[in-house]
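What follows is the residue order along each chain.
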Amino acid sequence: GIDAVHGHNNVVGATLFPHNIGLGAAHDPELLRRIGQATAEEVAATGIDWTFAPTLATPQDLRWGRTYEGYSEDPEIVRRYATAMVEGLQGPAELNRKLQAGHIAASAKHFMADGGTRDGVDEGDARLSESELIATHAQGYPAAIDAGVLTVMASYSSWFGEKMHANHALLTDVLKSRMGFDGFVVGDWNGHAQIPGCSKDRCAAAINAGIDMVMAPQDWKALFQNMVAQVGSGEISRARLDDAVRRILRVKFKLGAFDPERPYDGRLELIGSAAHRALAREAVRKSLVLLKNDGVLPIKAS
């Protein structure tokens, strides 16, 4: 997987699109669908199967340093864009063998309320009522699930002091059970290590809460060995382990990851292609916003 969040932005020469805050200003879900498709083609051409996008945050405090990653403060725009971007990246929900069709797995993130933390503190605490959590910060997720999103990424943030990576009620009871999400939940970069009592190489609490795949960039070997021991001791149940593995395998089969032919691999002519760059120019035009100067500018020295 890779953070291809506004185009395949980690690859030199790839097509770059406006960031999410600009795309939100365009008010054009169909544009988002086409951007998702173009991004998926460029990612697939480099042999990568999964992007950590779209971000479905609904930023409510401009002091949050990642506000630009959200499409809008309006949950309705986030909901409509969630559908469009997931369908663009992954193709229609019923499409199988998506890698062969130039599509990749999407990841709806960051579950949940990363844009609603107190005072806009990054990785902070969202002290919101359940009704506000649903009405403002959850709207993109049912839409993404209905569109077939294959993965969901947990947030670094907390809800009333409980780290989302350890929140069984939201990850398992709400996301997997009530929302019916049957893909897998992935942790954020070492997010499990922020849970009290956990470390980068040891964290049964995250698995038991509902994290199916731990993002452990440095300490994955020790984490694996410790997890095997924790299953052996019963700290992690075999049923929970089986559920996580089943979810990961289900996504890989839906992607076509076990099929030997990968016709989009190496199609480097897709990287920064003329058609994709034309789409990026269209997106820039549609993202521009003209503000009326109603006596605000120039700002008075006083």
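In this text, all values refer to a predicted model and were calculated from it rather than measured experimentally.

## Focus on the state of the cysteines
A full pass over the atoms with the stated rule returns 1 disulfide. C198 shares a disulfide with C203; S-S distance 2.3 Å. Here the disulfide of C198 and C203 is right-handed, its torsion about the S-S bond being about 65°. The pair formed by C198 and C203 is uniform in burial state, with each residue classed as buried.

## Looking at the pairing of strand β3 (residues 151-154)
Burial along β3 is two-sided: the residues T151 and M153 and V152 and A154 are all buried. Note that strand β1 (residues 107-111) and β3 share 3 bridges and pair parallel. Residue pairing for β3: S107 is matched across the bridge by T151. Taken together, the 3 bridges between β3 and strand β6 (residues 184-186) define a ladder with parallel strand orientation. When the bridges of β6 are listed, M153 appears paired with V186.

## Focus on the packing of helix α2 (residues 29-45) against helix α3 (residues 75-90)
Close contact between α2 and α3 brings their axes to 7 Å; oriented N to C, the two are set at 30°. Taken as axis vectors, α2 and α3 run roughly parallel relative to one another. Here α2 and α3 pass one another in a crossing that is right-handed. Here α2 contributes P29, L32, R33, I35, G36, Q37, T39 and A40 to the contact with α3, which in turn contributes R80, Y81, A84, M85, E87, G88 and L89. By residue class, the composition of the contact of α2 with α3 is 8 nonpolar, 4 polar and 3 charged.

Conventions and cut-offs
- Residues numbered from 1 in each chain as written.
- Predicted model: local features only at pLDDT ≥ 70, side-chain atom pairs only at ≥ 80, totals over all residues.
- Heavy atoms only, no water.
- Disulfide = S-S within 2.5 Å.
- Buried < 20%, exposed > 50% of the residue type's maximum accessible area, 1.4 Å probe, protein only.
- Helix = DSSP H or I, 4+ residues; strand = E, 2+ residues; numbered from the N terminus.
- Pairing = 2+ DSSP bridges.
- Axes fitted to C-alpha atoms, helices over the stretch in contact; angles between N-to-C directions.
- Parallel < 35°, antiparallel > 145°, perpendicular 65-115°, else oblique.
- Left-handed = near helix turned anticlockwise from the far one by under 90°.
- Contact = heavy atoms within 4.5 Å.
- Nonpolar A, V, L, I, M, F, W, Y, C, P; charged D, E, K, R; others polar.

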